[in-house]
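Residues per chain, in single letters:
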Amino acid sequence: MNNFFFRSALFGSFIALGIMTACTRSTDPTPRAEKLEDGADNEDRKYITLSATFPDAQGVPGNGGTLVYGLTEAEARDDTKTIDIYKDGYAVRSDRTARVQGSINGNYLYNIQYRGVNGGVFNKFKVEGAGNFIDTGEEINTAAILGQTPRWVKSAEGIGIGVEIQGYSSPIDPEKAENGTQEYVFNRGNIAVAVLDLHNPSLINSTDIVFPLSEEDKKAGYTVDRVDVPVLNEAKTKVFIGCKLMKVNPNKPPVKMVNARTGVEEWVWENDDANIRGTVSLVLDYPSLANPTLIWSTQSKFGNNSLRTMSQYVGTDKHVYQSTGVNIISYPHILRIDRATNTYDNDYLFDLAVALNITSGRVGIKAWTYIQDGKAIVIYDIDSKGGYIALIDLNAKTATKVANDFESQLDFTQFQNIVVAGDNAFIPLTPPSLDGQLYIVNWKTGATQKGVKLKNQSGSYYIGSY
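## Remarks on the sheet that holds strand β30 (residues 424-429)
Here 5 strands make up an open sheet; going across it, the order is β4-β32-β31-β30-β29 and the pairing mixed. Each of the sheet's edge strands pairs with one partner strand only, and the pair in question is β4 (82-83) and β29 (419-421). Where β29 lies against β30, 3 bridges are found, and the strand directions are antiparallel. Bridging across to β30, Ala 421 finds its partner in Asn 424.

## Considerations on the nonpolar core
Nonpolar side chains tend toward joint burial in soluble globular proteins. Of all hydrophobic cores here, the largest spans 33 residues; its most connected members are Ile 161, Ile 191, Phe 211, Val 227, Val 239, Leu 282 and Leu 284. Secondary structure elements with two or more residues in this core: β12 (159-166), β13 (190-197), β15 (222-232), β16 (238-247), β19 (280-285) and β20 (293-296). Counting 32 residues, the second-largest nonpolar core is a separate cluster that includes Val 283, Trp 368, Ala 376 and Tyr 380.

## Focus: the sheet that holds strand β22 (residues 320-325)
By definition, the strands of a sheet pair up through backbone hydrogen bonds, in either a parallel or an antiparallel sense. Spatially, β21-β22-β23-β24 is the arrangement adopted by the 4 strands of the open sheet, whose pairing is antiparallel. Across the chains shown, the open sheet's two edge strands, defined by having one partner strand only, are β21 (312-314) and β24 (350-351).

## Re the environment of Leu 109
In this structure, Leu 109 sits in strand β7 (residues 108-112). Overall, Leu 109 belongs to the buried group, its relative accessible area being 1%. The residues touching Leu 109, leaving out its near neighbours within four places in the chain, are Thr 49, Val 68, Val 100, Gln 101, Gly 102, Asn 123, Lys 124, Phe 125, Val 127, Phe 133 and Tyr 466.

## Describing the confidence of the model for the protein
Confidence in the prediction of the protein, expressed as mean pLDDT, is 91, and 92% of residues score 70 or more. Confidence drops under pLDDT 50 across residues 1-36; counting only partners more than four residues distant or on other chains, this segment forms 64 contacts.

## What about the side chain of Ser 330?
As for its position among the elements, Ser 330 is in strand β23 (residues 330-337). A polar contact is formed between the side chain of Ser 330 and the backbone oxygen of Ile 365, at a distance of 3.2 Å.

Calculation notes
Residues numbered from 1 in each chain as written. Predicted model: local features only at pLDDT ≥ 70, side-chain atom pairs only at ≥ 80, totals over all residues. Heavy atoms only, no water. Pairing = 2+ DSSP bridges. Helix = DSSP H or I, 4+ residues; strand = E, 2+ residues; numbered from the N terminus. Core = buried A, V, L, I, M, F, W, Y, C linked by side-chain atoms within 4.5 Å. Buried < 20%, exposed > 50% of the residue type's maximum accessible area, 1.4 Å probe, protein only. Contact = heavy atoms within 4.5 Å. pLDDT = per-residue confidence, 0-100. Polar contact = N/O pair within 3.5 Å; in protein donor to acceptor, adjacent residues only side chain to side chain.

Dropping the structure here:
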């Protein structure tokens, strides 16, 4: 493990960037607050913030960026009111869909910009209602550590953790592949990790580690091409990081295929993902970020790296609950990491398909929020189609579907967050390009209320609440 503070070149560039961004004012006309002595969210909740994504100039959904809009709870419940976030919302700076995180009472939003010249720049915003968001001016440029496409989440209240993997490869020499002499080799890749103080934005710690696959796993054809959604355990002694494993068959020669995206012929190893032996999490000590190890689940074998959406939470019982899959292709499993051992509880599995008695089609958890005492709310699809809501009990392993009017039309691919305020979860539902409505679900009773109407536009949809 090479600690960031011993990487002089990166350290120097980070400090330079940090000074420029944290201590100077931008020419951006956005209102900015004076630096706060205590940036923790200690105030009562004032607003429910909704977020939506829009397309780029080529019409690709999500590539244009993200807009946010704040509503009081009374406004959120008013089904006679219509909001147009695309006209009246605030643009969260990012070249692609922003991965927005919210503070505990919704009074602050956090974002690390994704791609572009400012990719890797952290921003914090004070929520003031409607399209009014005040940039606190407390920027941190994490690009020297995490690059311009960081994967990050709020890992605990007041603590953000970003991760990025680079350098993994299974190189193939075309000449050797042609003559049948290519041997399987694999470069494991390095994981960069950065820990941020969200209350008073600053870098807490960072590190650079080699992904700790064993020699046996390397020889068996395992690799990892994404890490994401780091979460802290309740004791704040461990960081659990989701991983997307891949596997090839190293005992078979590479084959020539046409790349579907580029149309170019290339040599690849034969895919062997069907024989992945289990879901994996990367575990680091906290706050040192030392001792990287892998823990393996025997209850599921799907990736748990998610995509833009937080997929693991610390429960009231202090265990960590973790869903599998990513937003694009998701699965029905929720696993448990034991609070005492910090390894998978391989006697535990929550299967949403079983709980809902769905026997046809692949049920995929697209996003979910743990509430308390084993209760949670989930949005899911079936065979990557439609959008459905369920209240679940992780202790009893039961689920109750909550109906909505848009089920067959919804697409939750980019959905990021479901906020729970008091007894209610607030879920914006808009089919792509079509108008929709905010659904308010009482997680204790299952009662549903339709709230504010949501104006939509071509190639766009709402992706979260905070």
